[in-house]
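What follows is the residue order along each chain.
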Amino acid sequence: GENVEQHPSTLSVQEGDSAVIKCTYSDSASNYFPWYKQELGKRPQLIIDIRSNVGEKKDQRIAVTLNKTAKHFSLHITETQPEDSAVYFCAASPGSGGGADGLTFGKGTHLIIQP
Amino acid sequence: EPEVTQTPSHQVTQMGQEVILRCVPISNHLYFYWYRQILGQKVEFLVSFYNNEISEKSEIFDDQFSVERPDGSNFTLKIRSTKLEDSAMYFCANTLGTGIDGYTFGSGTRLTVV
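All of these numbers come straight from a predicted model, not from anything done at the bench. (Residues numbered from 1 in each chain as written. Chains lettered and ligands numbered in written order. Predicted model: local features only at pLDDT ≥ 70, side-chain atom pairs only at ≥ 80, totals over all residues. Heavy atoms only, no water.)

A. Fine view of the pairing of strand β1 (residues 4–7) of chain A. Residue and element names in this part refer to chain A. Here β1 shows a buried face lined by V4 and Q6 and an unburied face lined by E5 and H7. Strand direction decides the pairing type here: β1 and strand β3 (residues 19–25), joined by four bridges, are antiparallel. When the sheet's bridge partners are listed, V4 is paired in β3 with Y25. (Buried < 20%, exposed > 50% of the residue type's maximum accessible area, 1.4 Å probe, protein only. Helix = DSSP H or I, 4+ residues; strand = E, 2+ residues; numbered from the N terminus. Pairing = 2+ DSSP bridges.)

Rendered as structure tokens:
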């Protein structure tokens, strides 16, 4: 089955700086790669996703890059703000999103924005 | 924005008891999922459900677990005889089922087995 590795487990950055979280996956059949933000005690919330036909996707301060050859994808957050502090999870799925296949999650990155 | 609703928000049960966790999906969504998250750990896929039957399930989803959609709206997860290690946050999720949409997660049920 799919295995998703995520690094680092904790990331502390100064407010205004950029943060990068990296994930690798094992199953070359994976085509859908979402990123979730989870605040303490709350549900995972989708912040951005990318499918295998796209190499990069951007939404304001958030961007995701995908390298299918190397089987890795990364989350980039620029101009970090205190409200960006949370746990971020990457995930992978064989489908293109929303079918029978479940998501395989990474172990999460605790992002801490220092004021 | 439509939401996935889960009840109860927190359930405490004695080891060996049966529990039923409930989810009200978004009305036009066709695929339903259950995930669990043990405290401080990653989210783990349990099962997907489509057209009133299980589509995929993980190794975690053993004979102690079952799912159903008894009345065409609620989607339930039953744990037949709870163990201490079943203590976790359980999330329901839905998708439209188009194959190109994202997963919407419910607010979760915190299950504590004592």
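B. Seen up close, the nonpolar core. With 23 residues, the main nonpolar core has Y25, F33, W35, F73, L75, Y88 and L111 of chain A as its most contacted residues. In terms of nonpolar packing, the next biggest core, distinct from the first, is built from 21 residues, F32, F65, V67 and F75 of chain B among them. (Core = buried A, V, L, I, M, F, W, Y, C linked by side-chain atoms within 4.5 Å.)

C. The arrangement of the sheet that holds strand β6 (residues 56–59) of chain A in detail. All names here are of chain A. On the basis of which strands lie adjacent, the open sheet formed by five strands has the order β1-β3-β8-β7-β6 and antiparallel pairing. Of all the strands in the sheet, the pair left with one neighbour each is β1 and β6. The mean angle between the axes of side-by-side strands here comes to 15°, regardless of whether they run parallel or antiparallel. Here four bridges tie β6 to strand β7 (residues 62–67), and the two strands are oriented antiparallel to one another. Bridging from a neighbouring strand, K57 pairs with V64 of β7. (Axes fitted to C-alpha atoms, helices over the stretch in contact; angles between N-to-C directions.)

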